[in-house]
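Understanding the architecture of this molecule
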Amino acid sequence: QEYPLAIIRGLECFCGYPTVQFNLYERLDDSLCTGSLNDSIGSEVLREDSYCSVYQTPIQDTRCTTRKFLPTKSKVFVALSSFPGAGNTWVRHLIEHATGFYTGSYYFDGTLYNKGFKGEKDHWRSGRTVCVKTHESGKREIEMYDSSILLIRNPYKALMAEFNRKCAGHLGYATERHWKSKEWPEFVNSYASWWTSHALDWLQYGKKLLVVHYEDLKKDLIGKLREMVAFLNLPINEDRFLCVENNKDGNFKRLGSSQTVLDPFTREMKNLINGYIRTVDKALRSRNFTGLPEEYMPR
């Protein structure tokens, strides 16, 4: 019936969508749906009368896939700023599906446009998008925006993600030859300091800032997404949030099984990066933000 859920009770089958009252992720024992069981006062009750089996079908929940440009041009320019490899495209996917409005970009990426990010072609100051992707830093570039969501990711993970993208595109992986080439240490030397200066500049010059840690977003997707939508001053649509939970990955998720190199960082690289981690953590705390997540802390 083109619905994302099928609910089986005895010989009956119902179709539907997830609702606020029904949490898909708290799994119960399958045996509750068959045979009989004794209730609290010892009488026998049929399990299938009290419980249903719920199956997620291969059908995509479409309640959040329709998106459009803002009906009235916004006079407030909001940056979605991150270091490359920090998950900016994924966060754009989440924001677009949660709000129903396109995000924009300071650049133009035809691959992203073809995958549905229609705000990619708009000029970044068109006012038709809810926020604008940027990797820029520096006082002048930052002060062009009225407010900013600053997305920060563990530099070890961000550096590897961006190196993979540079070598093999949005969905591919660098080969062992790439990791063992001189290109990798040169990349780490230049990009690790950029990871630091990017965060420090936005913390210093950003006018109104919401700091989001990629790792916190992974752990509490809907909670952090609510914060971002509220920061964008857009209404919360519960049906769209439920749909986002079932479409959370988007079209640009790398499959982890293809990553061949487990730890390409030398001790010298780690010493360099760990110093940068301490610097950014200190800067966050000095501006009354939560420090970096524990897992970033020097290895």
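Further up the page is the structure itself.
Residues numbered from 1 in each chain as written. Predicted model: local features only at pLDDT ≥ 70, side-chain atom pairs only at ≥ 80, totals over all residues. Heavy atoms only, no water.

The next thing to look at is the packing of helix 2 (residues 88-99) against helix 9 (residues 221-231). Where helix 2 contacts helix 9, the two axes come as close as 10 Å, and the packing angle between them is 75°. As far as their axial angle goes, helix 9 and helix 2 are roughly perpendicular. Listed contacts from helix 9 to Trp90, Val91, Leu94, Ile95, Ala98 and Thr99 of helix 2 are Leu221, Leu225, Met228 and Val229. The residue makeup of the contact of helix 2 with helix 9, split by class, is nine nonpolar, one polar and no charged. (Axes fitted to C-alpha atoms, helices over the stretch in contact; angles between N-to-C directions. Helix = DSSP H or I, 4+ residues; strand = E, 2+ residues; numbered from the N terminus. Parallel < 35°, antiparallel > 145°, perpendicular 65-115°, else oblique. Contact = heavy atoms within 4.5 Å. Nonpolar A, V, L, I, M, F, W, Y, C, P; charged D, E, K, R; others polar.)

Bringing the packing of aromatic side chains into the picture now. Under the definition given, this model contains 20 aromatic pairs. Seen in terms of ring centroids, tyrosine 3 and tyrosine 17 are 5.3 Å apart; in terms of plane orientation they differ by 70°. Their pairing is edge-to-face. With a gap of 14 residues between them, tyrosine 3 in the segment before strand 1 (5-9) and tyrosine 17 in the loop between strand 2 (12-16) and strand 3 (36-38) connect regions that are remote in the sequence. Relative to tyrosine 191, the ring of phenylalanine 187 has its centre 4.1 Å away and its plane inclined at 20°; by these criteria the two rings are stacked. Of this pair, phenylalanine 187 and tyrosine 191 both sit in helix 7 (residues 183-205), four residues apart, which is roughly one turn of that helix. Given the relative accessible area of 5%, phenylalanine 187 is considered buried. Taken together, the ring pairs in this structure connect Phe83, Tyr156, Phe163, Trp179, Trp184, Phe187, Tyr191, Trp194 and Phe265 into an aromatic cluster. For lysine 118, the ring lying beneath its charged end belongs to tyrosine 113, and the centroid distance is 4.3 Å. When the ring centre of phenylalanine 241 is taken as reference, the NZ or CZ atom of arginine 226 above it lies at 5.0 Å. (Phe/Tyr/Trp six-rings, centres within 6.5 Å; stacked < 30°, edge-to-face > 60°. Buried < 20%, exposed > 50% of the residue type's maximum accessible area, 1.4 Å probe, protein only. Lys NZ or Arg CZ within 6 Å of the ring centre and 35° of its normal.)

Taken in spatial order, the three strands of this open sheet run 2-1-5, and their pairing is antiparallel. Looking at strand neighbours, the two that pair on one side only are strand 2 and strand 5 (53-56), the edges of this open sheet. Pairwise comparison of adjacent strand axes, ignoring direction, gives a mean angle of 20° for this sheet. Two strands pair when backbone bridges link them, and strand 1 and strand 5 are joined in this way by four bridges, in the antiparallel orientation. Residue pairing in the sheet places isoleucine 8 in a bridge with serine 53 of strand 5. (Pairing = 2+ DSSP bridges.)

What follows deals with the pattern of salt bridges. All chains considered together, the criterion is met by 15 salt bridges. Residues arginine 63 and aspartate 239 are paired through a salt bridge, measuring 3.4 Å at the closest nitrogen-oxygen approach. Of the two residues, arginine 63 is situated in the loop between strand 5 and strand 6 (78-82) and aspartate 239 in helix 10 (residues 238-246); the sequence distance between them amounts to 176 residues. For arginine 63, a relative accessible area of 18% puts it in the buried group. Among the charged side chains, a salt-bridge network with shared partners connects Asp61, Arg63 and Asp239. (Salt bridge = Lys/Arg side-chain N within 4 Å of Asp/Glu carboxyl O.)

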